[in-house]
Amino acid sequence: MTRVLTEAELEEKFQARIDAEEKIEPKDWMPDKYRKNVLRQMSQHAHSEVIGMQPEGNWITRAPTLHRKCILLAKVQDEGGHGLYLYSAAETLGTSREEMNDALHDGRAKYASIFNYPTVTWADMGAIGWLVDGAAIVNQVSLQRTSYGPYSRGMVRICKEESFHQRQGYHIMMVLMRGSDEQKNMAQDALNRFWWPSMMMFGPHDTESAHTAQSMKWKIKRQTNDELRQKFVDQSVKQAEVIGLKIPDPDLKWNEERGHYDFGEIDWEEFKQVVNGNGLCNRQRMAHHIKAQEEGKWVRDAITAYEEKKRQRADQAAA
Amino acid sequence: MTDNNAKEIIKQYAIRLGDDALVQGHRLSEWCRNGPFLEEDLALTNVALDFIGRARMFYSYAADIDGGDYSEDSYAYQRDCRDFTNLLIHELPGGDFAFTMARQYLMDEYSLMFMERLCDSSDETLAAVAAKSVKESRYHLRRSRDWMLRLGDGTQESHKRLQKALGDLWGYMPEVFELDDLEQGLADQGIAVDSAALKGGWEKAVRATFSEATIDVPADDWSVRGGRQGMHTEYLGHMLSDLQFVQRAYPGQEW
């Protein structure tokens, strides 16, 4: 008879699999904390995709050309699709989409705080695509190698679409910077408003991050917040320069020795304020999500009732 | 009739069809992020994209005929209410999900028949747009017809909402099957679709669906018309102020 392994032995074997770059699959044994950690990250990621539909959805009806309207619609639709992949991946850990939504509505689950900032001009569609999707890609490229199999595979699919999103955003900025003074100001203003919140997307410094060390050990995260943030800064500076935009950071400077850009300190007080409900759109975002869910209830009920009737009719016909 | 005159009339017809597609697509696009569940949100957005794509093709054809600086966007962004010639049914606000799907169903039945006929147009460009649209309309109809059954034969509430929506839409349908002189002239030449001739087939299809969905056919006791002549409800102006805001606020720029 085989001996039942102790918790410590199971954890040891689990860590050995992680160290050997094996993917963890839904039915595999995993430490409870690993399950919770991955679930927290995936649900937060899924909610971010879905809540992220709102600030861009805000400009679908006002997109300035039919071509832009189609691109924006397709992009927002993609974000919803990413939400779906991620909810499905998260459901493999035994939590339903409804449960995740409930947790979002009562504040137990979070979404990316950047979506609490408003989109007030057309240029914000450019800034979001370029910077917010740009930051998301840096993070997601890294997550393609995450240790949880369904999450990793979801990221591979998502990354393919995200690069199109970033290009369309950058293109919006490029066209604005070739345009009138008003358009250039609009683009610079959008960059000014979205730069620091984009920098905050990578989360607290490694030394302050509650989850980083354990997540790195389990290879849920493959690179730290600060490493990813640096990568984002390095790629964005050149992109801004090419089209004549100025990144709003007086401390931004090339550091020959490090081979990276140095940059100023993030206003963590602002970060804390917005995460804790004091952003311009926190309440609007949640109210919108809850309203859509409540208004859709009778529709979802109708489907259930119809399917039930259909099943009963089929049963009667078979009897 | 000179060639130029003939082209001008075809252009007006293309703009009408473009207006129908744009206004319908715009209303559908308003659902993005507001759907009853995520999968349906994505599906509605797909349909919206098809219609906006269709509008772009019809408008581009008009712009080719107009020449000069005209582009697809000239028609969408630089005309006021009185210049829009869409059928009225498209401009009504989306309402609840039952209203949106009821409108979609009534018009999908029509659009599929319409586009199948337009494939035979002697105008090659119109026929080509129609060929692409037929495939989309088949998918649209399959979806919206399914929704008629689910909502009609779902819960009491969904049934009530659907029945009310159809009642509120019914009086906008007669206009859909009427031809003015411009369309009649083009239809006689084999360029436009004789939409009056589609009415019988449409009614038959709709009645069959209503019966399966346990829905009563609404009473034929009212009807409103005017879209093709630039007479609109008050809703269109608000839709245009949203649609055209950026171009109106910053005229003459590239975006």
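Residues numbered from 1 in each chain as written. Chains lettered and ligands numbered in written order. Predicted model: local features only at pLDDT ≥ 70, side-chain atom pairs only at ≥ 80, totals over all residues. Heavy atoms only, no water.

**Quick look at the overall build of chain B**
Of regular secondary structure, chain B possesses 12 helices and zero strands. Secondary structure elements of chain B occur, N-terminal to C-terminal, as α-α-α-α-α-α-α-α-α-α-α-α. Taking 18 Å as the expected radius of gyration for a compact globule of 255 residues, we find that chain B reaches 18 Å, a close match to that expectation. Once the C-alpha set of chain B is aligned to its principal axes, its extents read approximately 55 × 45 × 30 Å. (Helix = DSSP H or I, 4+ residues; strand = E, 2+ residues; numbered from the N terminus. Rg over C-alpha atoms; globule rule 2.2 N^0.38 Å.)

**Quick word on the packing of aromatic side chains**
Under the definition given, this model contains 23 aromatic pairs over all chains. Ring geometry for Tyr-110 of chain B against Phe-114 of chain B: centres 5.6 Å apart, planes inclined by 40 degrees, an arrangement best described as tilted. Of this pair, Tyr-110 of chain B and Phe-114 of chain B both sit in helix α5 (residues 97-118), four residues apart, which is roughly one turn of the helix. When sorted by exposure, Tyr-110 of chain B lands in the same class as Phe-114 of chain B, which is buried. One aromatic cluster in this structure is built from Tyr-110, Phe-114, Trp-170, Phe-177, Trp-202 and Phe-210 of chain B. Taking NZ or CZ as reference, Arg-62 of chain A lies 3.8 Å from the ring centre of Trp-59 of chain A, over its face. A cation over a ring is seen here: Arg-150 of chain B above Trp-147 of chain B, with NZ or CZ 4.4 Å from the ring centre. (Phe/Tyr/Trp six-rings, centres within 6.5 Å; stacked < 30°, edge-to-face > 60°. Buried < 20%, exposed > 50% of the residue type's maximum accessible area, 1.4 Å probe, protein only. Lys NZ or Arg CZ within 6 Å of the ring centre and 35° of its normal.)

**Observations concerning the nonpolar core**
Residues Tyr-34 and Met-173 of chain A together with Tyr-13, Leu-106 and Leu-118 of chain B are the most contacted members of the largest nonpolar core, which totals 168 residues. Beyond its immediate stretch of four places on either side in the chain, Tyr-13 of chain B contacts Phe-114, Leu-118, Leu-126, Leu-182, Glu-183, Leu-186, Ala-192 and Val-193 of chain B. (Core = buried A, V, L, I, M, F, W, Y, C linked by side-chain atoms within 4.5 Å. Contact = heavy atoms within 4.5 Å.)

**Some thoughts on the interface of chain B and chain A**
Every contact between the two is made by 47 residues of chain B and, on the other side, 47 residues of chain A. Sorting the residues of chain B by area buried against chain A places Arg-33, Leu-38 and Trp-255 of chain B first, and these three jointly supply 20% of that buried surface. Taken together, the links from chain B to chain A amount to three salt bridges. Between Asp-153 of chain B and Lys-309 of chain A there is a salt bridge whose closest N-O contact spans 3.2 Å. Where chain B meets chain A, there are 19 residue pairs in polar contact (both at pLDDT 80 or more). Counting residues per element, the ones that place at least two in the side of chain B that touches chain A are α1 (3-29), α2 (38-66), α3 (72-77), α5, α6 (124-152), α7 (156-170), α11 (235-243) and α12 (245-249) of chain B. If one sorts the elements of the side of chain B that touches chain A by residue count, α2 of chain B sits on top with 11 residues. Looking at the side of chain B that touches chain A residue by residue, the class counts come to 22 nonpolar, 11 polar and 14 charged. (Buried area = accessible area lost by both parts, 1.4 Å probe. Salt bridge = Lys/Arg side-chain N within 4 Å of Asp/Glu carboxyl O. Polar contact = N/O pair within 3.5 Å; in protein donor to acceptor, adjacent residues only side chain to side chain. Nonpolar A, V, L, I, M, F, W, Y, C, P; charged D, E, K, R; others polar.)

**Here we look at unusual backbone geometry**
All names here are of chain B. A positive phi is found at Arg-33, a non-glycine position, where the angle reads about 80 degrees. By the element assignment, Arg-33 lies in the loop between α1 and α2. At Thr-214, a residue that is not glycine, the phi angle is positive and equals roughly 55 degrees. With respect to the helices, strands and loops of the structure, Thr-214 is situated in the loop between α10 (199-212) and α11. The exposure class of Thr-214 is partly exposed, given its relative accessible area of 41%.

**Description of the side chain of Thr-212 of chain A**
Residues and elements named next belong to chain A. Locating Thr-212 in the fold gives a position in helix α9 (residues 212-217). Judged by relative accessible area, Thr-212 falls into the buried class, the value being 5%. Non-local contacts of Thr-212, meaning those with residues more than four positions away in its chain, are made with Lys-221, Thr-224 and Asn-225.

**Topic: helix α2 (residues 32-51) of chain A**
An ideal rise of 1.5 Å per residue puts 28 Å on 20 residues; α2 of chain A measures up with 28 Å between its terminal C-alpha atoms. The buried fraction of α2 of chain A is high, at 14 of 20 residues. (Expected span 1.5 Å × (residues − 1).)

**Brief notes about the side chain of Thr-85 of chain B**
Residue placement: Thr-85 of chain B occurs in the loop between α3 and α4 (88-91). What Thr-85 of chain B contacts, discounting residues up to four positions off in sequence, is Ile-15, Arg-16, Asp-19, Asp-20, Gly-227, Arg-228 and His-232 of chain B.

**Brief notes about a negative patch on the surface**
Residues and elements named next belong to chain A. A cluster of acidic side chains, namely Glu-91, Glu-98, Glu-99 and Asp-102, defines a negative patch on the protein surface. Take the negative patch: its biggest share by element is three residues, from helix α5 (residues 97-105). Within the secondary structure, Asp-102 sits in helix α5. Among the residues examined, Asp-102 registers a relative accessible area of 40% and is labelled partly exposed. (Patch = residues over 30% accessible without salt bridge, like charges linked within 9 Å, V, L, I, M, F, W, Y side chains within 5 Å. Areas by Shrake-Rupley, 256 points an atom, 1.4 Å probe, with all protein chains shown as cover. Lys, Arg positive; Asp, Glu negative; His and termini not counted. Charge placed at Lys NZ, Arg CZ, Asp CG, Glu CD.)

**Side note on the packing of helix α4 (residues 66-91) of chain A against helix α6 (residues 123-143) of chain A**
All names here are of chain A. Remark: α4 packs on α6, axes separated minimally by 12 Å, with the N-to-C direction vectors making an angle of 40 degrees. Looking at the two axes, α4 sits oblique to α6. Note on packing geometry: the crossing formed by α4 with α6 is left-handed. Note on element contacts: α6 touches α4 through Met-125, Ile-128, Gly-129 and Asp-133, opposite Leu-72, Lys-75 and Glu-79. (Axes fitted to C-alpha atoms, helices over the stretch in contact; angles between N-to-C directions. Parallel < 35°, antiparallel > 145°, perpendicular 65-115°, else oblique. Left-handed = near helix turned anticlockwise from the far one by under 90°.)

**Description of the packing of α2 of chain B against α5 of chain B**
Residues and elements named next belong to chain B. Their axes nearest at 13 Å, the elements α2 and α5 cross at an angle of 40 degrees. It follows from the interaxial angle that α2 and α5 lie oblique. Remark: the crossing between α2 and α5 carries left-handed chirality. Along the contact surface, α2 presents Glu-40, Leu-44, Val-47, Phe-51, Arg-54 and Phe-58, while α5 presents Phe-97, Met-101, Gln-104, Asp-108, Ser-111, Met-115 and Leu-118. In the contact of α2 with α5, the residues fall into eight nonpolar, two polar and three charged.

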